[in-house]
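One letter stands for each residue in the lines below.
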Amino acid sequence: MDQNLYQNYVKILRNELIPALGCTEPIAIAYASAKARATLGCFPDSVEMCCSGNIIKNVKGVTVPNSGGLRGIDIAATLGIVGGDADRELEVLEGVTQEDIERTKELVANGFCQCKLQEGVENLFIVAKVMKGEHYAEVTIINRHTLITKIVKDGEILFEHHVSEDSPEYVDKALLNVKDILAFADEVEIDDIREPIARQIAMNSAISDEGIRNSYGAEVGRTILELYGDDVKARARARAAAGSDARMGGCSLPVVINSGSGNQGMTVSLPVIEFAKDMNISEDKLYRALVVGNLIAIHQKKYIGSLSAYCGAVSAACGAGAAITYLHGGTEEEVGLTIVNTIGNVGGIVCDGAKSSCAAKIASAVEAAILAHSMAMKHHSFQPGEGIVQGDVESTIRSMGYIGRVGMKITDTEILNIMIDRVDINQA
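Report on the accompanying structure. Remember, predicted model here, so these are calculated numbers, not experimental data.

**Re the sheet that holds strand 6 (residues 148-153)**
The six strands are arranged 3-2-4-5-6-7 in an open sheet whose pairing can be described as mixed. Each edge of the sheet is formed by a strand with only one pairing partner; in this case those strands are strand 3 (113-117) and strand 7 (156-160). Strand-to-strand twist in this sheet, taken as the mean axis angle between neighbours without regard to direction, amounts to 15°. Pairing geometry for strand 4 (residues 125-132) and strand 5 (residues 135-142), over eight bridges, is antiparallel. Bridging across to strand 5, Ala128 finds its partner in Val139. Sheet strands touched by helix 4 (residues 73-83): strand 2 (46-51), strand 3 and strand 4. Its angle to strand 3, the strand with the most contacts, is close to 130°.

Following this line, the structure appears as structure tokens:
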């Protein structure tokens with residue numbers, strides 16, 4: 001395999017598979033506000049949060065981690081200022097205390113934080129502006145949850161960042177394709193990807209265990225186990241859903257994300273881990289399968305973007321299905337059919353924000369991916385020209401990406417309008 005391509009794939013996995021504490025959108029808000037406070041150098045009198053619609057959508061209904069069950073942009077931003085550690089990035093709220101929570105509630109009740117929707121910007125857009133008297137500091141995050149693009153203090157730009165091919169974090173996701181992903185998974189030296197994959201297995205399994213053991217959210221994972229028993233297909237769905245139950249319900253355990261999302265990180269990994277256990281697969285083969293799943297998921301999301309009206313559980317489950325086919329010794333054609341069959345089935349699930357029902361969407365998407373795998377191994381598949389299915393797997397991925405990025409843009413807007421009561425649905 002070409003070494004430049006090889007190293008690019010390794011770097012993608014290392015950059016993407018990182019730990020995050022709680023839902024990444026409220027965490028990104030807490031990170032921005034914590035960084036703004038650190039820049040200001042003192043505790044502010046107030047904070048203004050300016051966010052894109054997708055950020056608002058994904059924060060409105062989800063519990064802010066380590067907040068004692070509280071929700072909302074104002075809670076996330078204020079808690080980041082009161083008890084956050086910006087140096088920890090996506091684990092910014094790891095050290096929050098009960099005293100911090102009580103102070104946050106008091107500040108929010110007194111109007112400490114003001115929030116507003118910013119239209120006409122990137123889907124992932126956050127500006128945190130903290131003020132103390134005549135002084136202020138402002139931090140901007142765009143396109144990635146920890147990508148600070150500008151820091152301003154009292155009108156002076158202290159930091160401005162533009163990602164270029166020379167940037168240390170730059171990776172070329174345009175080089176991702178199913179054929180090369182499978183070749184890379186077969187050839188990669190395990191030590192080159194051991195750290196992010198091992199961390200994904202350990203952290204995501206731990207929060208899934210927590211979701212199975214205890215009551216979180218709507219208890220989707222536990223319900224699946226009660227209804228469908230100990231079959232591996234049920235366990236695969238339940239384990240992924242239980243992780244989301246816990247995460248959306250405010251569990252303080254970190255997870256390893258995929259495409260900027262903890263739910264996607266759990267969806268792409270936990271079903272594969274469960275199948276590997278059932279099949280008594282070696283650690284080496286499991287690692288290679290997770291390489292397949294993670295990169296297939298990232299490959300799909302590169303066409304869609306981090307946040308949209310397209311439910312990321314579908315692309316993540318699609319990656320998991322491809323990895324399960326890989327575990328079973330599936331060929332490149334069979335992996336491709338798994339992807340096509342998943343997209344052709346559940347490609348239309350919408351994202352209406354991060355919340356407890358994400359666990360149910362994950363369970364549905366994983367079920368579709370397992371069905372897609374079973375069909376593919378028998379060489380049954382949806383045919384080109386049937387809906388959005390195209391003549392090959394790459395074209396089908398691109399067609400779904402176009403729908404997610406372009407076709408569902410108005411859907412995204414109207415979902416947000418409903419969530420923030422901009423429309424009267426009784427009069428629609």
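Resuming the write-up.
**A short note on the pairing of strand 5**
Hairpin connection between strand 4 and strand 5: a loop of two residues separates the two successive antiparallel strands, and Gly133 in this loop has a positive phi of roughly 60°. Bridge analysis of strand 5 against strand 6 gives five bridges, and the strand direction is antiparallel. What sits directly across from Val139, in strand 6, is Ile151. Here strand 5 folds back onto strand 6 in antiparallel fashion, the turn holding five residues, of which Asn143 has a positive phi close to 75°.

**Things to note about the pattern of salt bridges**
Counted under the stated rule, the structure contains 20 salt bridges. In this structure, Arg235 engages Asp230 in a salt bridge whose closest nitrogen and oxygen atoms are separated by 3.7 Å. Accessibility expressed as a relative area gives 15% for Arg235, which makes it buried. A salt bridge links Asp352 to Lys355, with the nearest nitrogen and oxygen atoms 2.7 Å apart. Looking at Asp352, the relative accessible area reads 28%, which means it is partly exposed. Take Lys355: its relative accessible area is 16%, and that puts it in the buried class.

**Examining the pairing of strand 6**
In this sheet, strand 7 lies alongside strand 6 in antiparallel orientation, the contact comprising four bridges. By the bridge assignment for strand 7, Lys150 is matched with Glu160. Hairpin connection from strand 6 to strand 7: two residues lie between these consecutive antiparallel strands, with Asp154 at a positive phi of about 50°.

**Notes on empty space enclosed by the protein**
Summed over all chains, the structure comprises one cavity of 30 Å³ or more. Estimates place the volume of the largest cavity at around 330 Å³. Lining the largest cavity are 31 residues, with Asn58, Ser261, Asn263, Gln264 and Cys351 positioned closest to its centre. Residues that form the lining of the largest cavity fall into these classes: eleven nonpolar, 14 polar and six charged.

**Digging into the packing of aromatic side chains**
A full pass over the atoms with the stated rule returns three aromatic pairs. With 5.4 Å between their ring centres and 80° between their planes, Tyr9 and Phe184 make a pair best called edge-to-face. Within this pair, whereas Tyr9 is found in helix 1 (residues 3-16), its partner Phe184 is found in helix 6 (residues 178-187), the two being separated by 175 residues in sequence. Comparing Tyr9 with Phe184, the two get one shared label, buried. Among the aromatic side chains, those forming a connected cluster through ring pairs are Tyr6, Tyr9 and Phe184. Above the plane of the ring of Tyr228 lies Arg237, whose end atom (NZ or CZ) is 4.9 Å from the centre.

**Details of the side chain of Thr24**
Counting through the fold element by element, Thr24 comes out in helix 2 (residues 24-40). There is a polar contact of 2.8 Å between the side chain of Thr24 and the backbone oxygen of Gly260. What Thr24 contacts, discounting residues up to four positions off in sequence, is His145, Arg247, Ile257, Gly260, Ser261 and Gly262.

**Section: the nonpolar core**
In terms of nonpolar packing, the biggest core is built from 124 residues, with Ile29, Met49, Phe184, Leu295 and Ile339 touching the most fellow members. Take this core: its biggest share by element is eleven residues, from helix 11 (residues 283-304). Residues in contact with Leu295, not counting those within four places in the same chain, are Tyr9, Ile12, Leu13, Leu176, Ile181 and Phe184. Among the nonpolar cores identified, the runner-up in size contains seven residues, and Val220, Ile224, Ala234 and Ala363 belong to it.

**Overview of the environment of Ile339**
Along the polypeptide, Ile339 turns up in helix 13 (residues 332-346). For the pair formed by Ile339 and Val393, sequence separation is 54 residues and the distance between their alpha carbons is 7.0 Å. In this structure, Ile339 is in contact with Val178, Ile296, Cys318, Ala322, Val393 and Ile397, ignoring residues within four places of it in sequence.

What counts and how
Residues numbered from 1 in each chain as written. Predicted model: local features only at pLDDT ≥ 70, side-chain atom pairs only at ≥ 80, totals over all residues. Heavy atoms only, no water. Pairing = 2+ DSSP bridges. Helix = DSSP H or I, 4+ residues; strand = E, 2+ residues; numbered from the N terminus. Axes fitted to C-alpha atoms, helices over the stretch in contact; angles between N-to-C directions. Contact = heavy atoms within 4.5 Å. Salt bridge = Lys/Arg side-chain N within 4 Å of Asp/Glu carboxyl O. Buried < 20%, exposed > 50% of the residue type's maximum accessible area, 1.4 Å probe, protein only. 1 Å grid on protein atoms, 1.4 Å probe; cavity = no way out; pocket = protein on both sides within 12 Å on 5 of 7 lines; lining within 4 Å. Points joined across faces, edges and corners; volume = space filled by probe spheres on them. Nonpolar A, V, L, I, M, F, W, Y, C, P; charged D, E, K, R; others polar. Phe/Tyr/Trp six-rings, centres within 6.5 Å; stacked < 30°, edge-to-face > 60°. Lys NZ or Arg CZ within 6 Å of the ring centre and 35° of its normal. Polar contact = N/O pair within 3.5 Å; in protein donor to acceptor, adjacent residues only side chain to side chain. Core = buried A, V, L, I, M, F, W, Y, C linked by side-chain atoms within 4.5 Å.

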